[in-house]
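Here's the letter readout for the chains.
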Amino acid sequence: MPLLTTSTMNKLANYRIVSRKRQANGRRGTHASQRFGSSLDFSDFRVYEPGDDVRQIDWNVYARTDKLFIKRFLDEQEMRVHIVLDTTPSMNDGDKWLHAQQVAALFGYLVLTHDDSLSFTAKQPERLHTFRKKGTMYRHVFQAKVEELEMTKADEPFLSTIASQIPKDANSVFVVTDGLEALSEFEKTCQLLARRPRDIRFIIVSSEQEENPDYFGDYLLVDRESSESLNVTVTPAMIKRYETTRKHHFEQLENLAARYGHSLVFVPSQPDFLSAALHQFVRFQWIR
C-alpha cells in the first residue's frame, strides 16, 4: 500500500503549509507568506482555491471569463522546504518507521502541490540519500523515493548530522524523528539550527509499544543503536517509572525547542494515523 492513499491526497489538496518566517528569496510560488505592508504590489493572477481570501477575488475578471481568479501580489513568495528523516535503528520499532515515512511524504506532497521547492535528505547505508525538485509532477516520485528507504546502522547520532544536511537556501525545515536521543544532543542541535533565520519544526513519532508497554516479567533488553544489553525484571512499578521518565523527556524536548525559537509537535501512534497527524498540524497552525 502506498504511503499516501488517493483519499489522503484528495484531503491534502485542501491544505497548504503556513509560513512562520519571512522568506529570504524572491522566487515566485503559490504560497502566501504572513508578511504584510512592504511589497504588496500587484503581480499577476492565479485560479481561486477553496480557503483563499474571497476579498482578493477579481470580480472584473470573473465578469469577463466566468471563472474565479485571485489577485497575487509580490508578497506571495516561494517556500524552500527541506525535510530530514531519521533512519537510525531506533526508528525500526513497530509502526514507527511507517508513520515517519508517511509524515515525510505528507509534507513533501504539500510542498510540491503548491509549486514550492522541496529538498530532502535521509542517511542510507554508506551514503546520504538526497532529493531536490519542484512541481506537481514529482509528487509520486518523491513518495516512491521515501518508500524505498532503509534503516541504517547507528554509526553516529542522528541529531549531530542535521545541520550539515540542510541547504543554505532552505527557509523552512521539517525534522521527522522519534526524539529518543539525549537532551544534551537535542539542545546542541537546537543551538546550531537557531544560527540562521529559518523556520525549524520537529515532528516526533513513536510506536504503540513505546507509548503503552505491555511487558511483565524477566527480559533481556537490547538497545537498537548501541547494542548494549540489560537484564531487567519488569513490574508495574517499573512501568510507572518509565512512563514518568518518558513524559519528562518529551516535555524537556518541547521546552528546548521553544527556547531556541523552534516548533515541535508529537504525533502518537494510532490506527488512523494520517488523519490524526493532519488534525495535529492544523491545530498547531502548521498547515491550513
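For the structure, see preceding data.
Here's a quick rundown of the structure. None of the values given here were measured: they were computed from a predicted structure. (Residues numbered from 1 in each chain as written. Predicted model: local features only at pLDDT ≥ 70, side-chain atom pairs only at ≥ 80, totals over all residues. Heavy atoms only, no water.)

## Here we look at the pattern of salt bridges
Note the cut-off: Every case where a carboxyl oxygen of Asp or Glu lies within 4 Å of a side-chain nitrogen of Lys or Arg is listed as a salt bridge. Secondary structure counts use DSSP, requiring at least four H or I residues in a row for a helix and at least two E residues in a row for a strand, with both numbered from the N terminus. Throughout, exposure labels follow a simple rule: accessible area from a 1.4 Å probe, protein chains only, divided by the maximum for the residue type, with under 20% read as buried, over 50% as exposed, and the rest as partly exposed.
Enumeration according to the criterion identifies eight salt bridges in this entry. Residue Asp178 pairs with Lys96 through a salt bridge whose shortest N-O separation is 2.9 Å. Taken together, the residues Asp178 in the loop between β6 (172-177) and α6 (183-193) and Lys96 in helix α3 (residues 96-113) connect sequence positions 82 residues apart. Among the ionic pairs, Arg132 bridges to Asp169, the shortest N-O distance being 2.6 Å. Note that Arg132 is positioned in strand β5 (residues 127-134) and Asp169 in the loop between α5 (159-165) and β6, a separation of 37 residues in sequence. Among the residues examined, Arg132 registers a relative accessible area of 45% and is labelled partly exposed. Connected through shared salt-bridge partners, Arg80, Arg132 and Asp169 make up one network.

## Notes on the layout of surface pockets
Our working rule: Points on a 1 Å grid over protein atoms alone make up a cavity when a 1.4 Å probe fits among them but cannot get out, and a pocket when they form an open set with protein on both sides within 12 Å along at least five of seven lines; lining residues each have an atom within 4 Å of a point. Grid points are joined across faces, edges and corners, and a volume is the space filled by probe spheres set on the points. Amino acids are sorted into nonpolar (Ala, Val, Leu, Ile, Met, Phe, Trp, Tyr, Cys and Pro), charged (Asp, Glu, Lys and Arg) and polar (every other residue, Gly among them).
What the largest pocket holds in volume is close to 1,200 Å³. Along the walls of the largest pocket sit 30 residues, with Glu210, Leu221, Val222, Asp223 and Tyr242 positioned nearest its centre. Going through the elements one at a time, α7 (208-211), β8 (217-222), β9 (229-234) and α8 (236-259) are the ones with two or more residues in the lining of the largest pocket. Among the elements that make up the lining of the largest pocket, the one with the highest residue count is α8 (six residues). Taken together, the residues that form the lining of the largest pocket break down as twelve nonpolar, seven polar and eleven charged.

## Section: empty space enclosed by the protein
Unfilled space is identified by rolling a water-sized probe across the atoms. As enumerated under the stated definition, the model contains two cavities of 30 Å³ or more in all. Roughly 60 Å³ of volume is contained in the largest cavity. Considering the residues around the largest cavity, the lining is formed by Asp86, Phe158, Leu159, Thr177, Asp178, Gly179, Glu181, Phe186, Phe202 and Leu253. Here the lining of the largest cavity is composed, by residue class, of five nonpolar, two polar and three charged.

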